[in-house]
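Read off the chains here:
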Amino acid sequence: QVSVVESGGGEVQAGGSLRLSCTASRSIFSSNVAGWYRQAPGKQRELVASISTNGITYYVDSVKGRFTISRDNAPNTVYLQMNSLKPEDTAAYYCNAKTSLGAMVSSWGQGTQVTVSS
């Protein structure tokens, strides 16, 4: 069973930055689509950003131009650089990898909380 550990969350003021990290127990990000998801209280979990095996990235419209996803295959880690944070970015952030058939590779981690104050 593969597991992931997210870190790097915290409390920041609007306009601030955070860099999230996600490390997997084995190599899953180099051969699958790596993604960052978030879930705010009372809302469904949503995909925020993803990066394919050949480096193609996707961002949900609300974070385009502010967030950057990247991957470092050596330590099985994927990052999410978040700039110009807004209160609506407040959520628990999770990472995972998805196969070409759309199946999640890892069990969900504990997530890392991001809180943005106005």
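Description of the structure in this document. (Residues numbered from 1 in each chain as written. Predicted model: local features only at pLDDT ≥ 70, side-chain atom pairs only at ≥ 80, totals over all residues. Heavy atoms only, no water.)

## Some points on the pairing of strand 9 (residues 91-98)
Then, number 1: Of all eight residues in strand 9, seven are buried, a share of seventy percent or more.
Then, number 2: In terms of strand pairing, strand 9 meets strand 10 (residues 112-117) through three bridges, oriented antiparallel. Counterpart to Ala91 in the pairing with strand 10 is Val114. (Buried < 20%, exposed > 50% of the residue type's maximum accessible area, 1.4 Å probe, protein only. Helix = DSSP H or I, 4+ residues; strand = E, 2+ residues; numbered from the N terminus. Pairing = 2+ DSSP bridges.)

## So, the state of the cysteines
Then, number 1: Scanning the model with the defined rule gives one disulfide in all.
Then, number 2: Disulfide pairing places Cys22 opposite Cys95 at an S-S distance of 1.6 Å. One disulfide, between Cys22 and Cys95, carries an S-S torsion of 40° and so falls in the right-handed class. Separated by 73 residues along the polypeptide, Cys22 in strand 3 (residues 18-24) and Cys95 in strand 9 bring together distant segments of the chain.
Then, number 3: For Cys22, a relative accessible area of 0% translates into the label buried. (Disulfide = S-S within 2.5 Å.)

## Focus: the side chain of Arg66
Then, number 1: Residue placement: Arg66 occurs in the loop between strand 6 (57-59) and strand 7 (67-72).
Then, number 2: The class for Arg66 is buried, based on a relative accessible area of 9%.
Then, number 3: There is a polar contact of 2.8 Å between the side chain of Arg66 and the side chain of Asp89.
Then, number 4: When residues no more than four places from it in sequence are discounted, the contact partners of Arg66 are Gln81, Met82, Asn83, Ser84, Leu85, Lys86 and Asp89. (Polar contact = N/O pair within 3.5 Å; in protein donor to acceptor, adjacent residues only side chain to side chain. Contact = heavy atoms within 4.5 Å.)

## A look at the nonpolar core
A general tendency of soluble globular proteins is for nonpolar side chains to be buried together.
Then, number 1: Counting 29 residues, the largest nonpolar core has Phe29, Trp36, Phe67, Leu80, Met82 and Tyr93 as its most contacted members.
Then, number 2: Counting only elements with at least two residues in this core, the list comes to strand 3, strand 4 (33-39), strand 5 (46-51), strand 7, strand 8 (77-82), strand 9 and strand 10.
Then, number 3: Ignoring any residue separated from it by four or fewer positions in sequence, one finds Leu80 in contact with Leu18, Arg19, Leu20, Trp36, Ala49, Phe67, Thr68, Ile69 and Tyr93. (Core = buried A, V, L, I, M, F, W, Y, C linked by side-chain atoms within 4.5 Å.)

## Overview of the pattern of salt bridges
Then, number 1: Here the structure, examined in full by the defined rule, presents four salt bridges.
Then, number 2: For Arg38, the salt bridge is made with Asp89, and the minimal N-O distance between the two is 3.0 Å. Pair noted here: Arg38 is in strand 4 and Asp89 is in the loop between strand 8 and strand 9, with a separation of 51 residues, a long-range link.
Then, number 3: With a relative accessible area of 6%, Arg38 lands in the buried category. (Salt bridge = Lys/Arg side-chain N within 4 Å of Asp/Glu carboxyl O.)

## Looking at the sheet that holds strand 10
Then, number 1: Strands sit in the order 2-10-9-4-5-6 across an open sheet of six strands; the sheet is mixed. Only two strands of the sheet have a single neighbouring strand rather than two, namely strand 2 (10-13) and strand 6. For this sheet, the mean inter-axis angle between neighbouring strands, taken without regard to orientation, is 25°.
Then, number 2: Sheet topology note: the strand 4/strand 9 ladder contains seven bridges and is antiparallel. (Axes fitted to C-alpha atoms, helices over the stretch in contact; angles between N-to-C directions.)

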